[in-house]
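Chain by chain, the residues run as shown.
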Amino acid sequence: MKVVLSQPSLFSTRIPTDNVASVVSEVPRMPPLPDGVSLLRNAFDPAEIFDAINSVADIAPFRHMQTPGGKKMSVAMTNCGKLGWVSGTNGYMYSSNDPETKQPWPALPPVLLETASRIAQQAGYPGFSPDACLINRYLAGAQMGLHQDRDEIDFSQPIVSLSIGLSARFIIGGLDSAAGRNARTQSVVLHHGDAIVFGAAARLMFHGVRPLKPGHHPLAGNSRINLTFRVAS
Ligand code: MD6
Ligand code: FE
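Being a predicted model, the structure only gives us computed values, none of them experimental. (Residues numbered from 1 in each chain as written. Chains lettered and ligands numbered in written order. Predicted model: local features only at pLDDT ≥ 70, side-chain atom pairs only at ≥ 80, totals over all residues. Heavy atoms only, no water.)

> So what exactly am I meant to see when it comes to the coordination of the iron ion (ligand 2) here?
Reference values for coordination geometry: four tetrahedral donors around a metal ideally subtend 109.5 degrees, six octahedral donors ideally subtend 90 or 180 degrees. The iron ion (ligand 2) binds to the protein through H147 (NE2), D149 (OD) and H207 (NE2); the donor distances cover 2.1 to 2.2 Å. All donor residues of the iron ion (ligand 2) come from one chain, and their arrangement in sequence is H-x1-D-x57-H. Taken as a pair, H147 in strand β6 (residues 144–147) and H207 in strand β11 (residues 207–209) lie far apart in primary sequence, 60 residues in all. (Donors = N, O, S within 2.8 Å, 3.2 Å for Na, K, Ca; no water. Helix = DSSP H or I, 4+ residues; strand = E, 2+ residues; numbered from the N terminus.)

Structure (structure tokens):
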């Protein structure tokens, strides 16, 4: 009698004990990310970036901005660099001054500029020189709805995004609001030290962040911090 061994499926939970190679090959694989999205795991030293964020927040504290519709955002934000992204009942815009302090946004700390520029280069964008860095802080339950980043002038310039602290599920939709907001999304969990770059064909893709799950991180405590570097002007 011929014995037919069933092949474990890709998502099988049966772990063969006699073949390490097949165990490795059974790790469920992520579908490929869309063209223009680059994910770089463990791409930077979070501790030095975290110190730089604290130095920015000492001058320009995190605050909950309002949406154009007048609702308070669940994510707290601040900025550094020549320009800062602001939201209010006047809409979204870049501003050279912090509307809370009326002062210019703090300068981009050199370590942030160097890190963003190096990561852009690794993703295929040499010479990236951001003039704006939006810093988002999520506590448990905070989320970011699907959106496009389209308040910048030159969409040939990528956006470089760094994640620190608690992990979060990042959703990527399509290029138009129908494809962006319906079920044709894919997602990736962004961890402490990960970088994601949105450029070229992906520059205007809809994306968002699922509500942060409560947790504790040794560096960032109960928070997730995200930095997005942009060439705004
Ligand atoms: C976040 N990120 O990760 C929000 N935008 O908390 C973004 O909105 C984003 O990661 C443009 C490009 C990359 C991003
Ligand atoms: Fe965004």
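> I tried to follow the packing of helix α2 (residues 46–59) against helix α3 (residues 110–122) on my own but got confused; where do I start?
Describing two packed helices takes the angle between their axes plus the distance from one axis to the other. Two elements in contact, α2 and α3, have axes separated by 9 Å at closest approach and are oriented at 135 degrees. Considering their axes alone, α2 and α3 lie oblique with respect to each other. Where α2 crosses over α3, the two elements pack in a sense that is left-handed. From α2, E48, I49 and A52 reach across to α3, where they touch V111, L112 and T115. Tallied by class, residues from the contact of α2 with α3 come to four nonpolar, one polar and one charged. (Axes fitted to C-alpha atoms, helices over the stretch in contact; angles between N-to-C directions. Parallel < 35°, antiparallel > 145°, perpendicular 65-115°, else oblique. Left-handed = near helix turned anticlockwise from the far one by under 90°. Contact = heavy atoms within 4.5 Å. Nonpolar A, V, L, I, M, F, W, Y, C, P; charged D, E, K, R; others polar.)

> What's the story with the nonpolar core in this structure? I'm lost.
Note that soluble globular proteins tend to have their nonpolar side chains buried in a common cluster. Core analysis: the largest hydrophobic core is formed by 31 residues, its most contacted members being I119, I135, V160, L227 and F229. In terms of residue count, α2 provides more of this core than any other element does, six residues in total. The residues touching I135, leaving out its near neighbours within four places in the chain, are I53, V56, F62, A76, M77, T78, C80, I225, N226 and L227. V75, L83, M144 and L190 belong to the second largest nonpolar core, which has 30 residues in total. (Core = buried A, V, L, I, M, F, W, Y, C linked by side-chain atoms within 4.5 Å. Buried < 20%, exposed > 50% of the residue type's maximum accessible area, 1.4 Å probe, protein only.)

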